Amino acid sequence: MPQPSAPRKTPGRPPRISREEVIATARRIVDAEGVDRLTMRRLATEIGSTPMALYHHVRNKEELLVLLLDDYAARALHRPELPAQPRERIVAAAAAIHEALAACPWIAEVLTADDLMSTSALWFVEQILDGLVESGLTPERAVHGYRTIWYYTAGEIVVRTTAARRRADDDGPTYRERVFADLDPNELPRLAQVADRWAPLTAENTYLDGLRALIDGLLAAH
């Protein structure tokens, strides 16, 4: 008697995925390996799906990065209690941005594209602009002032992060240390005076001092 044939296996659909799973997996990749290693194909592989399935949730990598920014801002960017004095409101808002970026420096690298942003973070931008306007700047000059504060903040994070990464990859003397060890004090007397202390001096956290000096300069120019 012939045996019934086994039912044919039909290819199943990829498992259903949620936007939350997409964001969580993308965040894990970026935290571990950096933004450059995040691709739609890599993300699909990590989730166990296909790139086409991801496009039901995000159109492209740029939209994915915006979702990551919003996700991080909602979790880690806390609104501080703001002082009444406009100058100090600017300091408090900028310092809160700096603190959040320092804890997750890849975000600063993404934001340097200058056209990606988290809508959740716009409250902080508003406080800086408002403080600058209340201190006497026109709205147009306040935008310029905010841009200057942002460049200082993002630049400080990116430079420190890149320097720390290079030091971690090479425990020998850096190129700068080798150059500074042979400075001619007759040609470069000020540099020679501090050359052996350059690394610890530049490693000090002087962000707030620089921020206050920057804001004072912006307001004094007005």
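Calculation notes
- Residues numbered from 1 in each chain as written.
- Predicted model: local features only at pLDDT ≥ 70, side-chain atom pairs only at ≥ 80, totals over all residues.
- Heavy atoms only, no water.
- UniProt positions renumbered as here; feature names shortened; annotations may be inferred.
- Helix = DSSP H or I, 4+ residues; strand = E, 2+ residues; numbered from the N terminus.
- Salt bridge = Lys/Arg side-chain N within 4 Å of Asp/Glu carboxyl O.
- Buried < 20%, exposed > 50% of the residue type's maximum accessible area, 1.4 Å probe, protein only.
- Expected span 1.5 Å × (residues − 1).
- Contact = heavy atoms within 4.5 Å.
- Polar contact = N/O pair within 3.5 Å; in protein donor to acceptor, adjacent residues only side chain to side chain.
- 1 Å grid on protein atoms, 1.4 Å probe; cavity = no way out; pocket = protein on both sides within 12 Å on 5 of 7 lines; lining within 4 Å.
- Points joined across faces, edges and corners; volume = space filled by probe spheres on them.
- Nonpolar A, V, L, I, M, F, W, Y, C, P; charged D, E, K, R; others polar.
- Axes fitted to C-alpha atoms, helices over the stretch in contact; angles between N-to-C directions.
- Parallel < 35°, antiparallel > 145°, perpendicular 65-115°, else oblique.
- Left-handed = near helix turned anticlockwise from the far one by under 90°.

Peer 1: Report on the UniProt feature "domain: HTH tetR-type" (unreviewed entry) in the chain, specifying residues and quantitative values.
Peer 2: Here, the residues flagged by UniProt with the feature "domain: HTH tetR-type" (unreviewed entry) are residues 16–76. Here residues 16–76 is 70% helix and 0% strand, with 29 Å between the C-alpha atoms at its ends.

Peer 1: Residues and numbers for the pattern of salt bridges, please.
Peer 2: In total, this model carries 14 salt bridges according to the counting rule given. Asp216 is the partner of Arg87 in a salt bridge, and the nearest nitrogen-oxygen pair spans 2.7 Å. Taken as a pair, Arg87 in helix α5 (residues 86–103) and Asp216 in helix α12 (residues 207–221) lie far apart in primary sequence, 129 residues in all. Among the residues examined, Asp216 registers a relative accessible area of 36% and is labelled partly exposed. The shortest N-O distance in the salt bridge between Arg89 and Glu134 comes to 3.3 Å. Of the two residues, Arg89 is situated in helix α5 and Glu134 in helix α7 (residues 122–134); the sequence distance between them amounts to 45 residues. Classification of Arg89 as buried rests on a relative accessible area of 9%. A single network of salt bridges, built from pairs that share partners, joins Arg28, Glu33, Arg37, Arg42 and Glu46.

Peer 1: Give a description of helix α4 (residues 61–76) that names residues and reports values.
Peer 2: The terminal C-alpha atoms of α4, which comprises 16 residues, lie 22 Å apart, in line with the 22 Å expected from a rise of 1.5 Å per residue. Of all the positions in α4, only Glu63, Leu64, Leu65, Leu67, Leu68, Leu69, Asp71, Tyr72 and Ala73 are classed as buried. Packing partners of the buried residues in α4 comprise α1 (19–33), α2 (40–47), α5 and α6 (106–111). Where α4 begins, the capping side chain belongs to Asn60, and its oxygen is found 3.2 Å from the backbone nitrogen of Glu62.

Peer 1: Before we move on, can you summarise empty space enclosed by the protein with the specific residues and values?
Peer 2: Per the counting criterion, the structure on display carries 1 cavity of 30 Å³ or more. Estimates place the volume of the largest cavity at around 30 Å³. Only α5 and α8 (139–169) provide two or more residues apiece to the lining of the largest cavity. Among the elements that line the lining of the largest cavity, the one with the most residues is α8, at 4 residues. Looking at the lining of the largest cavity residue by residue, the class counts come to 5 nonpolar, 1 polar and no charged.

Peer 1: So what about the packing of α5 against α8? Which residues, and what values?
Peer 2: For any two helices packed against each other, the geometry comes down to the angle between their axes and how far apart the axes lie. Put simply, α5 and α8 touch, their axes get as near as 10 Å, and they point 25 degrees apart. Between α5 and α8, the interaxial angle falls into the category roughly parallel. Of the two possible hands of crossing, α5 and α8 adopt the one that is right-handed. From α5, Ile90, Ala94, Ile97, His98, Leu101 and Ala102 reach across to α8, where they touch Ile149, Trp150, Thr153, Glu156 and Ile157.

Peer 1: How would you sum up the UniProt feature "DNA-binding region" (unreviewed entry) in the chain? Please name residues and give values.
Peer 2: In the UniProt entry, the feature "DNA-binding region" (unreviewed entry) is given for residues 39–58. Counted over residues 39–58, helix gives 60% and strand 0%. Its end C-alpha atoms are 12 Å apart.

Peer 1: Report on the packing of α7 against α8, specifying residues and quantitative values.
Peer 2: Direction vectors running N to C along α7 and α8 enclose 125 degrees, while the axes themselves pass 9 Å from each other. Classed by the angle they form, the pair α7 and α8 counts as oblique. The way α7 lies across α8 gives a crossing that is right-handed. Between α7 and α8, the contacting residues are Val125, Ile128, Leu129, Leu132 and Val133 on the first element and Pro139, Ala142, Val143, Gly145, Tyr146 and Ile149 on the second.

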